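Spelled out, the chains give:
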Amino acid sequence: MSVDLDTVKRVARLARIAVSEEEAAAMAGKLNSILGFVEQLNEVDVTGVEPMTSVIPMEMKKRVDAVTDGDKADDIVANAPATEENFFLVPKVVE
């Protein structure tokens with residue numbers, strides 16, 4: 001797969017990035033070299049290689065997936081000018 005000048009301009013427009021003709025030409029070359037490297041990586045035989053999360057074998061730390069209120073309601077409303085039962089009180093605005 002290769003990237004041409006029109007593709008670079010289209011991606012730049014979608015990303016809302018202003019790119020001049022010279023910059024677009026340079027980007028096309030850089031993107032083509034990146035894609036060439038990815039194609040090289042795709043040629044590597046990885047059969048039998050397990051996915052890793054680290055370079056050394058280790059078990060990931062996990063926490064219990066439980067729904068809680070965080071026990072921080074008092075801390076959250078501590079600086080509010082007006083609260084009631086851990087809720088923010090705001091004045092009614094009628095215009």
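Fair warning: this is a prediction, and the values are worked out from it, not measured in the lab.

Definitions and cut-offs
- Residues numbered from 1 in each chain as written.
- Predicted model: local features only at pLDDT ≥ 70, side-chain atom pairs only at ≥ 80, totals over all residues.
- Heavy atoms only, no water.
- Helix = DSSP H or I, 4+ residues; strand = E, 2+ residues; numbered from the N terminus.
- Rg over C-alpha atoms; globule rule 2.2 N^0.38 Å.
- Buried < 20%, exposed > 50% of the residue type's maximum accessible area, 1.4 Å probe, protein only.
- Contact = heavy atoms within 4.5 Å.
- Areas by Shrake-Rupley, 256 points an atom, 1.4 Å probe, with all protein chains shown as cover.
- Lys, Arg positive; Asp, Glu negative; His and termini not counted.
- Charge placed at Lys NZ, Arg CZ, Asp CG, Glu CD.

Engineer: Which residues make up the overall build of the protein, and what are the values?
Structural biologist: Of the regular secondary structure elements, the protein holds 3 helices and 2 strands. Scanning the protein from its N terminus toward the C terminus, one meets helices and strands in the order α-α-α-β-β. Here the protein has a C-alpha radius of gyration of 27 Å; the compact-globule value for 95 residues is 12 Å, and the former is much larger. In terms of principal-axis extent, the alpha carbons of the protein reach across some 60 × 50 × 15 Å. Burial statistics for the protein: of 95 residues in total, 7% are counted as buried. Taking the contacts inside the protein whose residues are at least 6 apart along the sequence as the reference set, 27% of them involve residues at least 24 apart. Summed over its atoms, the accessible surface of the protein is roughly 9400 Å², and 58% of this surface lies on carbon and sulfur atoms. Taken as two groups, the 10 positive and 18 negative side-chain charges of the protein have centres that lie 4 Å from each other.

Engineer: An account of unusual backbone geometry is requested, with residue identities and associated values reported.
Structural biologist: Its identity as a non-glycine residue notwithstanding, Glu85 has a phi of 50°, on the positive side. Of the residues examined, Glu85 reaches a relative accessible area of 66% and is grouped as exposed. We note that Asn86 has phi near 65°; this positive angle belongs to a residue other than glycine.

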